[in-house]
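# Summary of structural features
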Amino acid sequence: MTQVLTAVAVVFGVTMLVAGIVRLIMVPFALVFAARHRRLPPGAAPHAGTIFDSPDSPDSPPPSVSVIVPAYNEGVVVENCVRSIARSRYPDFEVVCVDDGSSDDTYAKLQALAAELPGVVARTQPNRGKGAALNNGVDYALGDILVLVDADGMFGPDTLTEMVRAFTDERIGAVCGDDRTINLDHAQTRFLALINHVGTGLMRRALSTLRCLPIVSGNTGAFRRDVLDRTGPLREDTVGEDLELTWRVYRAGYRATFAPRALVYTESPSTLPQLFRQRVRWARGLLQTIRLHYDMIGSPRYGPFGPYLAFNAFAQVLGPVIQVAALVVFAALALLGDPGDLGDPGVVPVTFWQVLLFLSLPLTVVLLVLALILDRSPGDLRHAWTLPLWPFFSTVMSLVMLRAIWLELSGAESRWNKMDRSGTVSIKTGESP
């Protein structure tokens, strides 16, 4: 058993060190993003400094916004979601809710909200999936900017304003907000709330600076209407409709950027099986998008985005496969060889792997602290006691891509397959309307 644990430590150490080095390279670009995106002065118009701000007409109205909320059996959470959007301070917006043939009271709740709250519309359709529900809402919506969200998301009062303010360049076709965890009632959700800052606070800033942010998250994404007219509707035959649409935005000659102050609080999986299913769905979405847009990978036609996709495909698809293979090899070496094999200088000295592991851990923690500073969330360090979960989390998540590859090769059905919601709210996002 000791040898197996050593093998796990070896693979974990290598993985964390490589990931840490890549993220360390991204730090200067994240800092450049932070320096460029300073807060506007109080009282500034919600579209000040954007492509919607006309210098010839200082009093030009802000662009209209439509928030599309697809919902399937979301009766536990949908009311909190819609009410939080309705609290928005943005001056011109509507909320288009689309029930996807739910079997619970989702549509009844949406109808009640539409009757109570101005600007809220409730629609329903037979169960056809998330992509179809989003397309239904997009077809009905009137806004210049379309914000696509999940039914468990809770907005801050200025989330829509910050989304709009990110459209500062004619070539920006889409904006990704910052999604945070709202259900901090389990060790796993606290852990996810902490480490997600590295992927959002650090990587999204850096990739935006490099003009290769690869995904506008499905629970907090804004798209210009004129850009979607060029890309076409969301696909209804993939479980990664948000990722696939983002790649089409780049194909159309636009890019995506990050709006770090456009906060949306959503539920994170609270059990390991839920988390595994969620990440398998995300991985299948990536594989499906690669299949649909393989010609973009590595192509300089799309600027830095094409070459980045080649790196991303290697890291996200081949990386986990290599990681699992290495784990199997080292575990077999530990079990089948002499107990001292891993320490045999003829193989690799244990002291080398110990150094590797202890180099990777401090680097990872430093990057995490930097991400928390960029996100102005130092208070999340109160969840640091969950960090010992990281090796176990990394090892289990390495199996996600293998499962996704198997499901794709076996032709498994692509379904919405969302997790069950708890309705737990651990974060205050504003006052009730």
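Scroll up to find the structure.
Now for a description of the structure that goes with this document. Since the model is a prediction, treat every value here as computed from it, not as a measurement. (Residues numbered from 1 in each chain as written. Predicted model: local features only at pLDDT ≥ 70, side-chain atom pairs only at ≥ 80, totals over all residues. Heavy atoms only, no water.)

## Some points on the pairing of strand S8 (residues 255-266)
Rules: For every residue, the accessible area obtained with a 1.4 Å probe (protein chains only) is divided by the maximum for its type, and the residue is called buried under 20%, exposed over 50%, and partly exposed between those limits. Think of it this way: any DSSP run of H or I at least four residues long counts as a helix, any run of E at least two long counts as a strand, and we number them from the N terminus. Between any two strands, at least two bridges found by DSSP are needed for them to pair.
Of all twelve residues that make up S8, ten are buried, and the element is covered over most of its length. Pairing of strand S5 (residues 154-155) with S8, which is carried by two bridges, proceeds in the antiparallel orientation. For Phe-155, the partnering residue across the bridge sits in S8 and is Val-264. The sheet contact formed by strand S6 (residues 172-181) and S8 spans eight bridges and is parallel. The partner of Asp-179 across the bridge, within S8, is Val-264.

## Observations regarding unusual backbone geometry
The phi dihedral of Asn-73 falls on the positive side, at around 50°, and the residue is not glycine. Tracing the sequence through the fold places Asn-73 in the loop between strand S1 (65-71) and helix H2 (78-86). For Arg-211, which is not a glycine, the phi torsion comes out positive at approximately 60°. With respect to the helices and strands, the residue Arg-211 is situated in the loop between helix H6 (187-209) and strand S7 (221-224). On the basis of relative accessibility, which here comes to 45%, the residue Arg-211 falls in the partly exposed class.

## Quick look at helix H12 (residues 390-397)
The following threshold applies: In this description, the arc belongs to the directions extending from the helix axis to the C-beta atoms.
Residues of H12 that are buried: Trp-390, Phe-393, Ser-394, Val-396 and Met-397. For H12, the angular spread of buried residues about the axis comes to 170°, placing them on one side.

## A short note on the packing of aromatic side chains
Under the convention used in this document: Two rings from Phe, Tyr or Trp (for Trp, the six-membered ring) form a pair when their centres are within 6.5 Å of each other. A pair whose planes differ by under 30 degrees is stacked, one over 60 is edge-to-face, and the rest are tilted.
Using the criterion set out here, one finds seven aromatic pairs in the structure. Geometrically, the ring pair formed by Tyr-308 and Phe-311 is tilted, given 6.1 Å between the ring centres and 45° between the ring planes. With Tyr-308 and Phe-311 both in helix H10 (residues 305-336), this residue pair falls three residues apart, about one helical turn. On the basis of relative accessible area, Tyr-308 is assigned to the buried category, the value being 13%. When its relative accessible area of 39% is taken as the criterion, Phe-311 is described as partly exposed.

## As for helix H8 (residues 241-251)
In terms of residue burial, H8 counts as a mostly covered element, since ten of its eleven residues are buried. The set of residues buried in H8 consists of Glu-241, Asp-242, Leu-243, Glu-244, Leu-245, Thr-246, Trp-247, Arg-248, Val-249 and Tyr-250. Just downstream of H8 lies Gly-253, where phi reads positive at about 100°.

## Details of the packing of H2 against helix H3 (residues 106-116)
To be explicit about the condition: To get an axis, a line is fitted to the C-alpha atoms, and for a helix only the part in contact is used. The angle between two axes follows their N-to-C directions and goes from 0 to 180 degrees. Note that the term roughly parallel is reserved for angles under 35 degrees, roughly antiparallel for angles over 145, roughly perpendicular for angles of 65 to 115, and oblique for everything else. Here a crossing is taken to be left-handed if its near helix is turned anticlockwise relative to the far helix by less than a right angle, and right-handed if that turn runs clockwise. What makes two residues a contact is simply this: any of their non-hydrogen atoms within 4.5 Å. Residue classes follow a fixed rule: Ala, Val, Leu, Ile, Met, Phe, Trp, Tyr, Cys and Pro count as nonpolar, while Asp, Glu, Lys and Arg count as charged, and any other residue, Gly among them, counts as polar.
Viewed as axis vectors pointing N to C, H2 and H3 meet at an angle of 25°, and their least axial separation amounts to 10 Å. Taken together, the axes of H2 and H3 lie roughly parallel to each other. Between H2 and H3 lies a crossing of right-handed hand. Across the interface between the two elements, Val-78, Glu-79, Val-82 and Arg-83 of H2 pack against Lys-109, Leu-110, Leu-113 and Glu-116 of H3. Grouping the amino acids of the contact of H2 with H3 by side-chain chemistry returns four nonpolar, no polar and four charged.

## With respect to the pairing of S7
Burial along S7 is two-sided: the face carrying Gly-221 and Phe-223 and the face carrying Ala-222 and Arg-224 are both buried. As defined by bridge partners, strand S4 (residues 145-148) adjoins S7 across four bridges and the pair is classed as antiparallel. Residue pairing in the sheet places Val-147 in a bridge with Ala-222 of S7. Summarising the sheet, S6 and S7 pair through three bridges and their orientation is antiparallel. Each bridged residue has a counterpart across the sheet, and for Val-175 the counterpart in S7 is Ala-222.

## Some words on the layout of surface pockets
Test applied: Cavities and pockets were defined on a 1 Å grid built over protein atoms only: a cavity is a set of grid points that admits a 1.4 Å probe from which the probe cannot escape, a pocket is an open set flanked by protein on both sides within 12 Å along at least five of seven lines, and lining residues are those with an atom within 4 Å of any such point. Grid points are joined across faces, edges and corners, and a volume is the space filled by probe spheres set on the points.
By volume, the second largest pocket amounts to about 720 Å³. Taken together, 34 residues line the second largest pocket, and the ones lying closest to its centre are His-37, Arg-165, Ala-166, Thr-168 and Arg-261. Looking at the lining of the second largest pocket, the elements with two or more residues in it are helix H1 (2-36), helix H5 (159-165), H6 and S8. A total of seven residues in the lining of the second largest pocket trace back to one element, the largest contributor, which is S8. Class assignment for the residues of the lining of the second largest pocket results in 15 nonpolar, eight polar and eleven charged.

## Brief notes about the environment of Gly-129
Following the sequence through the fold, Gly-129 ends up in the loop between strand S3 (120-125) and helix H4 (130-140). Judged by relative accessible area, Gly-129 falls into the buried class, the value being 18%.

## Some points on the nonpolar core
This is how the line gets drawn: For this analysis, a nonpolar core means a set of buried residues of the types Ala, Val, Leu, Ile, Met, Phe, Trp, Tyr and Cys, connected via side-chain atoms within 4.5 Å.
Core analysis: the largest hydrophobic core is formed by 67 residues, its most contacted members being Leu-148, Leu-202, Phe-223, Trp-247 and Phe-393. With nine residues, H6 is the single largest residue contributor to this core. Beyond its immediate chain neighbours, meaning those up to four positions away, Leu-202 contacts Arg-23, Val-27, Ala-30, His-197, Leu-367, Leu-370, Ala-371 and Leu-374.

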